[in-house]
Amino acid sequence: MSTPESTVEASAVEMSSVEASTAETAIDLPAVPDPAPAAPAAGGRGKRMAGKAGRLLASAGGAVAVQFVTAGGSLVVQSLAARTLGASGYGAYALLFSIIVMITSVQTSWVGDTLTVFDRFEPRVRGALLLSVGGTVVAGAAVGAVVAAVMHLAGPLGIALFALSVALWLLEETGRRIFTARMEFWRLTVNDACYLLTTLAVLGGSLGAGADASVELLLASMCAGSAASILLARVRLPREEYALAPLRGTAFREILAFSWWRSVQAGIRPTALLLARVMIAGFASTAALAGVEAARLLLSPALTFVNGAGWFLLGDFAKAEKAGRPMRARQAVRACGLMSGIALVMSLGGILLVGWLGPVVTGGSFEVDRVALGGWALYSVCFSCTLPLASLATARKQSRSVFVIRGVESLSGLAVLLGLLAADPGHAAIAPYCLGAGGIVSAVMLWRMLRKGDPPRGGGGTVPAPAGTEPREPGAPARTAGSGDQLVR
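Residues numbered from 1 in each chain as written. Predicted model: local features only at pLDDT ≥ 70, side-chain atom pairs only at ≥ 80, totals over all residues. Heavy atoms only, no water.

Asker: Explanation requested: the confidence of the model for the chain in the structure shown.
Answerer: Parts of the model with low pLDDT should not have their predicted coordinates read in detail. Within the chain, residue pLDDT values average 76, and 73% of them lie at 70 or more. The secondary structure element of the chain with the lowest average pLDDT is helix 1 (residues 17-20), at 30, and the one with the highest is helix 6 (residues 215-236), at 95. Low pLDDT (under 50) marks residues 1-42, which in the prediction has 114 contacts with non-local residues, meaning those over four places away or in another chain. Segment residues 460-489: pLDDT under 50, and 70 contacts once partners within four positions in sequence are set aside and those in other chains are kept. (pLDDT = per-residue confidence, 0-100. Helix = DSSP H or I, 4+ residues; strand = E, 2+ residues; numbered from the N terminus. Contact = heavy atoms within 4.5 Å.)

Asker: How should the packing of aromatic side chains be read in this particular structure?
Answerer: The way to describe two aromatic rings as a pair is by their centre distance and the angle between their planes. Considering all chains together, one arrives at three aromatic pairs under this definition. Ring centres 5.7 Å apart and planes at 80° place the aromatic pair Trp 169 and Tyr 195 in the edge-to-face group. In this pair, Trp 169 is assigned in helix 4 (residues 156-181) and Tyr 195 in helix 5 (residues 185-208), connecting sequence segments 26 residues apart. Ring geometry for Trp 376 against Tyr 379: centres 5.2 Å apart, planes inclined by 75°, an arrangement best described as edge-to-face. Linking Trp 376 with Tyr 379, this pair stays in helix 13 (residues 370-395), spanning three residues, or about one helical turn. (Phe/Tyr/Trp six-rings, centres within 6.5 Å; stacked < 30°, edge-to-face > 60°.)

Asker: I tried to follow the nonpolar core on my own but got confused; where do I start?
Answerer: Side chains of nonpolar character tend, in soluble globular proteins, to be buried together. Phe 162 and Met 222 are the most contacted members of the largest nonpolar core, which totals 67 residues. Aside from chain neighbours lying at most four places away, what touches Phe 162 is Leu 96, Ile 99, Ile 100, Gly 144, Ala 145, Ala 148 and Leu 219. Counting 34 residues, the second largest nonpolar core, distinct from the first, contains Val 292, Trp 376, Ala 377 and Leu 414. (Core = buried A, V, L, I, M, F, W, Y, C linked by side-chain atoms within 4.5 Å. Buried < 20%, exposed > 50% of the residue type's maximum accessible area, 1.4 Å probe, protein only.)

Asker: Help me understand the environment of Thr 104 in this model?
Answerer: Among the structural elements, Thr 104 can be located in helix 2 (residues 42-117). Here Thr 104 falls in the buried class, since its relative accessible area comes to 2%. Sequence separation of Thr 104 and Ala 167 is 63 residues, and the distance between their C-alpha atoms is 10.0 Å. Setting aside residues no more than four positions away along its own chain, Thr 104 makes contact with Trp 169, Leu 170 and Glu 173. Of note is the side chain of Thr 104, whose polar atom sits 2.7 Å from the backbone oxygen of Ile 100. (Polar contact = N/O pair within 3.5 Å; in protein donor to acceptor, adjacent residues only side chain to side chain.)

Given below as structure tokens:
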């Protein structure tokens, strides 16, 4: 189960354009166009189009709901940890949880995006995925245990439970991404709710039975929640999603060419946010950082919405690519406009309600930085402008190009922030402006790049590989009409 910051690399959905442009939207459309119906069947065609639009909206709503369940559940568990473990215990838990988030962000970009973009049922790809899942689970648990031991965050029992928790968390995340690849977001929401309820039930039941609150008890409760979610996913997903494949002669090298750049790309934004926080705390103070962070929390619903919608969008674009009906750049631009408008409205709501919501977020101990509040609103809007285009580029296997564009954007923003803070530490509230404004330039650059690889107007068939695209698997069939993943519904 991921957190709001571990899912920050996903984005918007094109909902309002479905009715106006169903001919260009590849969700649940057949690979080969149907013959033109006779005039009396026009009403039936309209009903079918309305049904497709309804399914699209329902799927998008599920993608957003997943993020709110995930984010809300994470906040509940962390709040309980803060209330029951005390300052030192909660500090240890926060560090352990940060390690899980770090490991998961690498694994979910490596395995999860491959599940979505590649044909996961092709034997060579499937073998590479099995190797990737097994390798990341074992390596993640080992790294987590070593880091926890070196940092003296827990005793032997706690370290063992933490290693088990990391392994179960990564297996649970793999199941979550299978639901994502199948565009079954409402079913994924049920799985995330299962994790949260089981974790809270085990923790609450143990405390009620007289057990002492401890990091070990919280880790054990999280293990129980992950195990329950894994079992539920196993029961609810079809058998073919768990089919084995030969582990020799796999497409691991081709998967690596895509996943390496995707994993690095996925870490850009969280790393930039981390470095900005370190700069603020170093040049100004932790009190200044608290005001900026409180402003971000106040506008977190807008970012959570964008994150959830992006899960839908990447799967949408990838499915269209594999079905031989690739999306055009202008469709991603429409998604940018829709998501930016929604993010702007939600951000303005947070700004207008800051007088009432601010004390709820801070507990009345400090003030929300009003200047930073406007900056995070700008950040949300620019985030919405960039992510649909980045999702389309990822579906086209152009992660390397996205990495370069976003890397330059982040480095430029951090350099500007560093200069401002060095000149005057009072500029801490400018941080979200520096990190967000470059998104507009990145969006324009991504749009220009994607236009060059757009398919011919009104035609399907093979799409020419744009410059910067990661290599396709040797011997893999061209993306022609009808060659899509037939098991995705």
